[in-house]
Amino acid sequence: MMNMEWEIIYYSEAVQNDIASMPSGIQARYLRLADRMCIYGANLGMPHTRAMKNGLFELRVKSKEGIGRVLYCTLVNKRIVMLHSFIKKTQNIPSKELKVAISRMNEVKLNADT
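Note that the structure is a prediction, hence the values are computed from the model and not measured.

### Topic: the sheet that holds strand 4 (residues 66-75)
The strand order across the open sheet built from five strands is 1-5-4-3-2, with neighbouring strands paired in mixed fashion. Here the strands that pair on one side only, and so sit at the sheet edges, are strand 1 (7-10) and strand 2 (49-51). With strand direction ignored, the average angle separating the axes of adjacent strands in the sheet is 35°. Of the strands in this sheet, strand 1, strand 4 and strand 5 (79-88) are in contact with helix 1 (residues 13-20), which crosses strand 5 at around 50°.

What follows is the structure, given as structure tokens:
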């Protein structure tokens, strides 16, 4: 059995439910990549993960049903926090989706220090 070094946590149950309600192919891909992140860490490199800015990352999940994105950040003690997910319909990440993730990341990081 592989050693699980990293832990994945979710910003809220709603985020976990959103990911679980994505099309099955995207979901399956997410689960495979999440397993790899638990072993190898938050940065799997392109094309799977991409660092954005200020500690925000995107998990790039693709299947024949479309493209999903899960935005996340990391905390001390090897914790990955899944902040927000959506199905991608445009070339760029919509600013509305980015704002949700950044706001949640700031909240998570603020509370992690207390």
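### What to know about the pairing of strand 3 (residues 57-63)
One ladder, built from three bridges, connects strand 2 with strand 3; its direction is antiparallel. Looking at strand 3, one finds that Arg 50 is bridged to Glu 58. Adjacent in sequence and paired antiparallel, strand 2 and strand 3 are bridged by five residues, among which Asn 54 carries a positive phi angle near 55°. With seven bridges joining them, strand 3 and strand 4 adopt antiparallel strand pairing. Among the inter-strand pairings, Glu 58 is bridged to a residue of strand 4, identified as Leu 71.

### Re unusual backbone geometry
Both trends apply: most residues other than glycine have a negative phi, and most peptide bonds are in trans. Look at the link from Met 46 to Pro 47: it is a cis peptide, with omega at 5°. Inspection of the secondary structure assignment puts Pro 47 in the loop between helix 2 (24-40) and strand 2. Within the chain, Asn 54 stands out as a residue other than glycine whose phi angle is a positive 55°. Look at Lys 78: it is not a glycine, yet its phi comes out positive at around 55°. Looking at the element boundaries, Lys 78 is found in the loop between strand 4 and strand 5.

### Structural notes on the pattern of salt bridges
It is possible for side chains bearing opposite charge to pair when their charged atoms get close. For the structure shown, the criterion picks out four salt bridges. Of the charged contacts, one joins Lys 78 and Glu 5 as a salt bridge, the two residues approaching to 3.3 Å between their closest N and O atoms. Of the two residues, Lys 78 is situated in the loop between strand 4 and strand 5 and Glu 5 in the segment before strand 1; the sequence distance between them amounts to 73 residues. Classification of Glu 5 by relative accessible area gives partly exposed; the value is 39%. A salt bridge links Glu 58 to Arg 69; the nearest nitrogen and oxygen atoms lie 2.9 Å apart. Placement of the pair is Glu 58 in strand 3 and Arg 69 in strand 4, with a sequence separation of eleven residues. A residue is classified by how much of its surface remains accessible, and Glu 58, at 2% relative accessible area, is buried. For Arg 69, a relative accessible area of 5% gives the class buried. If you follow the salt bridges from partner to partner, you end up with Arg 50, Glu 58, Arg 60 and Arg 69 in one network.

Thresholds applied
Residues numbered from 1 in each chain as written. Predicted model: local features only at pLDDT ≥ 70, side-chain atom pairs only at ≥ 80, totals over all residues. Heavy atoms only, no water. Pairing = 2+ DSSP bridges. Helix = DSSP H or I, 4+ residues; strand = E, 2+ residues; numbered from the N terminus. Axes fitted to C-alpha atoms, helices over the stretch in contact; angles between N-to-C directions. Contact = heavy atoms within 4.5 Å. Salt bridge = Lys/Arg side-chain N within 4 Å of Asp/Glu carboxyl O. Buried < 20%, exposed > 50% of the residue type's maximum accessible area, 1.4 Å probe, protein only.

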